[in-house]
Amino acid sequence: MLWWIRRLLGFDPPHQSEIRRVYVANRFPQHGHYTPQHFADNRIISSKYTTWNFVPRNVLEQFSRIANFYFLVMFLLMLMIDSPTHPFTSGLPLAFVITVTAIKQGYEDWLRHKADNEVNDAPVFVVRNGGLLQMRSKNIRVGDIVRVAKDETFPADLVLLSSDRLDGTCHITTASLDGETNLKSHYSISETAACQSVSRLEALQAVVECQQPEADLYTFVSRITVTHQGKEIVRPLGPENLLLRGARLKNTKEIFGVAVYTGMESKMALNYKCKFQKRSVVEQSMNTIVIIYLGLLLFLSIFSTILKYAWQAENEWDKPFYNHVTEQERNKLWESFLDFLAYMVLYNKIIPISLYVTMEMVRFLGSFFIAWDLDLYHEESDQPAEVNTSDLNEVLGQVEYVFTDKTGTLTENEMEFRECTINGTMYQEVNGKLIPKGMTEESRNSSTPHLTDEELLFLKAVSLCHTVQISYDQPDCLVPGGDPFSHAHGLSTQMEYYALSPDEKALVEATKRMGVSFTDNNGETMEIEVFGKSEKYKLLHVLEFDPNRRAMSVIVQTPSGGKVLFTKGAESAILPFTTSGEIEKTRLHVDEFALKGLRTLVFACRHFSPEEYTDVDRRLNAARTALQLREEKLQEAFSYIERDLQLLGATAVEDRLQDQVQETIEILRLAGIKVWVLTGDKHETAVSVSLSCGHFHRNMKMLELLQQPEHECAEQLCRFAKMIQEDNVIQHGLVVDGVSLSSALGKHEKLFMEVCKSCSAVLCCRMAPLQKAKVVRLLKTSPDKPITLAIGDGANDVSMIHEAHVGIGIMGKEGRQAVRNSDYAIARFKFLAKLLLVHGHLYYIRIATLVQYFFYKSVCFIMPQFLYQFFCLFSQQTLYDGVMHDMLYNICFTSLPILVYSVFEQPIHPHVLQSKPVLYRDISRNSLLCFRKAESRYWIVLGFCHGFILFFGSYILMGEDTGNWTFGTFVFTVMLITVTLKLALETHLWTWMNHLVMWGSIAFYLIFSLFCGSILWPFLHTQHMYFVFVQLLSSCRAWFAIIIIVITCLFPDVVKKVLNGYLQPTNTWRSQAVLCCYQHAQSGCTRQNCNKQFCGHVD
């Protein structure tokens, strides 16, 4: 009980050992020294709240926002002091905002609870008490043996024990985890594969020892110890033995597996918690603005307090007789402090309470326009744009650097075999035949294929060294029972390859066309057909690919009994370890392939003697059964094995560019956005693709930092920096490889960043995934703190997508891991231009105007209240009615116009924004909300000026004899009309919705005030507003004053806009003129009569 309480409170983790020991079927040892480990149950909890903690936790989260906390403090002050306004004027709006936000978050969490219950209550079958017991998924325990049938999803992370196949293999898809739809083979060890019945599984004595849960989907370090006839047999377990929760069983009738990770400790659940919250640059600016206005509030409060006591210091202006105090009481510090707090309460509306709620609604509604944009819809793949995070819409308009992957992002990731080199001779494919370059198809006998031993060995290496899976689809009429092995009986089937990498699939398909066909892989043997003759190779070991080694290998036993290693990888990973073959010729051919923009792989082999293979097998088994430092030991074993290689040749496949990549990069460059390409490809291939896509120009001076150790790297960077300063007219492009990047990021980060920022384009090649994230972080945290965007399509891009301010996933062919971890997802790179230049531009202007307008109308509201204190002798008398004015101003009367404006506003037509990328520069560096820019200061000054005009205009035109509530109501009425019309002046796109809320808000205020002031007065607590509004509107003098004051407020603003447009026209102003011509092209704007000076009509 104590353990449960400590774990519930978070003081005691459920497991503290580095190794998790799982007893299969929960057959625990019988000796008394065993202490069972405590594991999580199998419930999935994606919800944030429970019934008991929803109210306290949600309230605590909402009051962590500075604005909400500020109004809470104000409300408490009103309760504690002699407040000039009623507490409910702050309490009710605060409660409304908190309630609306809580309802929204509660509803979203209820949907998550509903989805969790569907998963947790799903029926599953578990081996218990000699039979299959059906239970709910949430009741599965670690150690339970679970049965999963075909097309069912795995309810927990299971170690595969057996399947309906004799070899204990099964096929799965992990589309729900990483988006990869290809079939993957998973294996059980031979000792458990035979346990295909419930009775044998219950009798199984085995222990699984594995690492504690971690989020990496592709890492599993474990071993299983099986006790058979009193003898313990230890076998290694890896990712190929683990069936992940959320994956689906395919092409297999049923499997049995033991649960090792359950519930929130499963890898799927751990991946949900990896992403951190990103904050918008506008939200950061808002916090600064709130602090500035808090400072302004303190200044007004202190200033009012000082003036009050300065007035009281004069004998002839003492307090009235009915409020007279002694001299001693008048000078008390406590009284002045209470007065200061009272002024804080009186001016507290200078911070708009509804700002955050309105901004959330605008972001949420605005995200639908991205998903609905048909220009971002890819018809071929039927994929619209996806918005995973609406909180960053406005950041799309602030991007300064774009970091992009190459393969699958700039290119199609559809590989096609083009050329190869074998034993120093270059070949090409012609009509399914391997023809040496320079020879014609007729040069070879078309009836009988004649391949040399070197050519045949190379094709066999290509068709065996891979992890490709095969799916056989056959007509039902041929095999009534649907025999999955019908292809082995010579029946007509259609064979389809599935591969994790498009390169592998393209190469295997190419060798099939050339006569060497890969036909089967059951986990133990690989079968190929060489011109119709079947050959079987026993698969002994697979040395998996990893990005650091950049190679993968297989060890097979040939039909003659020999042991052979086939390996493939990047030329930098293979050529240094080759000892025979045409090494120099192959190196030249690989460079030639790379200059054509082709992706290259080098193939080699190694023949083992019986003694050598025994040593290799021992090293691999020892490394794979290690529970500590398994990865390091495997790397050592791989390095020992993949050496003394015989070079066979190299392949070259083409990955063509996506449509409009060159145009998109040029558009981004014109918009002031620098593009960096971060890729794992070799230097020559990456440079060739950069040139072809327009990232590099032919007339650009190339600076190359390649294979530079740390001491030479600094010298080279200094030379580059000097060269750039001397050639300041010439554009420079920088090329860096992974080795030099590691040196530069060591002790020369500042110098490296200076060189990079001075270059027009940067290309980083041969990069590991973590290096991509380091480069993004280095630029993101530089002194300028530029806004960064990362875009990629594969799992190796996830780290930089997380690191950048905005992460965009490409819905490509390398799975959906990048999409799942991104903030936005698009189908093609070309869509990035509209996403930034149109949606980003418009959302930033909308949100920035929303923030400025909210504070502007708050200043307009507070300024007359402050000036009124000079006329009421700083008695803290309120100018506005607490219910009709103070409480409903931000919440009701002025909320809808700015909401609709922020959703629909288009100051510049989208076609103009796309055709003139330079307009993107006008809003860069948060120009509309930065206090260093005139635009941001203008709104503040405008608020004070309008507040001053509203008060003194009302005072002069309405006279001194106007009553307090009549005067306050008049000021509020003219202020409401002024701020609404000010927004109308800022509106460029008028829809029926804008007209409805703009004029409807004013009409609603008039009707509401008439109704409350004349009909509801008997039901109100006080009657000071009775018939005030009716009498006010019945006066022609009041209507005349309203018109004069509104014109006085807005006329200078109109004049300023016109003069700025004609005397200092900005790019945006010219583009707005283009918009007028665009909308009236049929009647007004032609090339003959268009005013080019202002319209900006260009050829």
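Predicted model, so just to flag it, every value in this text is computed and none were measured.

What counts and what doesn't
- Residues numbered from 1 in each chain as written.
- Predicted model: local features only at pLDDT ≥ 70, side-chain atom pairs only at ≥ 80, totals over all residues.
- Heavy atoms only, no water.
- Salt bridge = Lys/Arg side-chain N within 4 Å of Asp/Glu carboxyl O.
- Helix = DSSP H or I, 4+ residues; strand = E, 2+ residues; numbered from the N terminus.
- Buried < 20%, exposed > 50% of the residue type's maximum accessible area, 1.4 Å probe, protein only.
- Patch = residues over 30% accessible without salt bridge, like charges linked within 9 Å, V, L, I, M, F, W, Y side chains within 5 Å.
- Areas by Shrake-Rupley, 256 points an atom, 1.4 Å probe, with all protein chains shown as cover.
- Lys, Arg positive; Asp, Glu negative; His and termini not counted.
- Charge placed at Lys NZ, Arg CZ, Asp CG, Glu CD.
- Phe/Tyr/Trp six-rings, centres within 6.5 Å; stacked < 30°, edge-to-face > 60°.
- Lys NZ or Arg CZ within 6 Å of the ring centre and 35° of its normal.

1. Description of the pattern of salt bridges
So, point 1. For the structure shown, the criterion picks out 39 salt bridges.
So, point 2. Here Glu544 makes a salt bridge to Arg624, at a shortest N to O gap of 3.7 Å. One end of the pair, Glu544, is in strand E23 (residues 533-546); the other, Arg624, is in helix H17 (residues 610-624), and 80 residues separate them in sequence.
So, point 3. On the basis of relative accessible area, Glu544 is assigned to the partly exposed category, the value being 36%.
So, point 4. Given the relative accessible area of 15%, Arg624 is considered buried.
So, point 5. Here Glu803 makes a salt bridge to Lys780, at a shortest N to O gap of 3.2 Å. Linking Glu803 in helix H25 (residues 798-803) with Lys780 in helix H24 (residues 769-780), this pair joins segments that are 23 residues apart in sequence. Per residue, the accessibility class of Glu803 equals that of Lys780, and both read buried.

2. A few points about a negative patch on the surface
So, point 1. On the surface, Glu379, Glu380, Asp382, Asp659 and Glu663 cluster together into a negatively charged patch.
So, point 2. Locating Asp659 in the fold gives a position in the loop between strand E28 (645-657) and helix H19 (661-670).
So, point 3. The exposure class of Asp659 is partly exposed, given its relative accessible area of 46%.

3. Some points on the packing of aromatic side chains
So, point 1. Per the stated rule, a full pass over the model turns up 42 aromatic pairs.
So, point 2. Geometrically, the ring pair formed by Phe369 and Trp372 is edge-to-face, given 6.1 Å between the ring centres and 65° between the ring planes. Taken together, the positions of Phe369 and Trp372, both in helix H12 (residues 355-372) and three residues apart, correspond to about one turn of that helix.
So, point 3. Using a relative accessible area of 30% as the deciding quantity, one classes Phe369 as partly exposed.
So, point 4. The exposed category is assigned to Trp372, whose relative accessible area is 58%.
So, point 5. Counting every residue linked through ring pairs, the aromatic cluster contains Phe861, Tyr880, Tyr889, Phe893, Phe972, Phe1004, Tyr1005 and Phe1008.
So, point 6. Across from the ring centre of Tyr938, 4.3 Å away, lies the NZ or CZ of Lys1056, which sits over that ring.

4. Section: the environment of Thr511
So, point 1. Mapped onto the elements, Thr511 comes out in helix H14 (residues 502-513).
So, point 2. Thr511 sits in the buried class, given a relative accessible area of 2%.
So, point 3. Separated by 78 residues in sequence, Thr511 and Lys433 have C-alpha atoms that sit 9.4 Å apart.

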